[in-house]
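# What the coordinates show
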Amino acid sequence: MSLRAYNHTVSIITKKEESKIFACTIAWMCQVGYEEVIGLIGEQSSTGKRLKKGDKVAINVCSKQMKDFALFVGSTSSQEVDKFASYPYYEKDDFITLKESKVIMLCQVKDILHLEGIEDDNLVYFKVEEYQVNEDADYLLMSDMD
């Protein structure tokens, strides 16, 4: 089935582990409270496999200008490719944030759930600790990715 009932924004989750940066592109994100976000990360994601409760990550909600980078991040593995070799990013207290993002959220992983039927995927519950919004940028939507 390839139902696309919702036109979600596209986000890149970044996590620094020692000196290496891991990143994945996901579209199944949802704000579920003023400071709470959930996201479904596919089982194939090496970034998703590394997440654990208590981790600090950045959720970079992509702007339209980030389309090519979002596609690149989503089609490569952080274990095989340095995704940030030629893309500008900022580092703040081990958070990796991306230039040109529409919204940047600095978060803590509060829980990781495995739902019936998609047990291999990670439904991650994040608590937003800090955020910033770029009012001049437009959201990158899934419909822009076609």
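Heads up: these notes are all about the structure in this document. (Residues numbered from 1 in each chain as written. Predicted model: local features only at pLDDT ≥ 70, side-chain atom pairs only at ≥ 80, totals over all residues. Heavy atoms only, no water.)

Our focus in this paragraph is the packing of aromatic side chains. All chains considered together, the criterion is met by 4 aromatic pairs. Ring centres of Phe 69 and Tyr 87 lie 3.8 Å apart, and the angle between their planes is 10 degrees; on these two criteria the pair is classed as stacked. Of the two residues, Phe 69 sits in helix H2 (residues 67-74) while Tyr 87 sits in the loop between H2 and strand S6 (89-92), which places them 18 residues apart along the sequence. Grouping residues by exposure puts Phe 69 and Tyr 87 together as buried. Aromatic ring contacts, followed pair by pair, group Phe 69, Phe 72, Phe 84, Tyr 87 and Tyr 89 into a single cluster. Taking the ring centre of Phe 22 as reference, the NZ or CZ of Lys 20 above it sits at 5.5 Å. Against the face of Tyr 139 rests Lys 102, its NZ or CZ located 5.2 Å from the ring centre. (Phe/Tyr/Trp six-rings, centres within 6.5 Å; stacked < 30°, edge-to-face > 60°. Helix = DSSP H or I, 4+ residues; strand = E, 2+ residues; numbered from the N terminus. Buried < 20%, exposed > 50% of the residue type's maximum accessible area, 1.4 Å probe, protein only. Lys NZ or Arg CZ within 6 Å of the ring centre and 35° of its normal.)

What follows is about the environment of Gln 132. Among the secondary structure elements, Gln 132 is positioned in strand S9 (residues 122-133). For the pair Gln 132 and Asn 60, spaced 72 residues apart in sequence, the C-alpha to C-alpha distance is 10.0 Å. Sequence-distant contacts of Gln 132, that is, excluding residues within four places in its chain, are made with Lys 102, Val 103 and Ile 104. (Contact = heavy atoms within 4.5 Å.)

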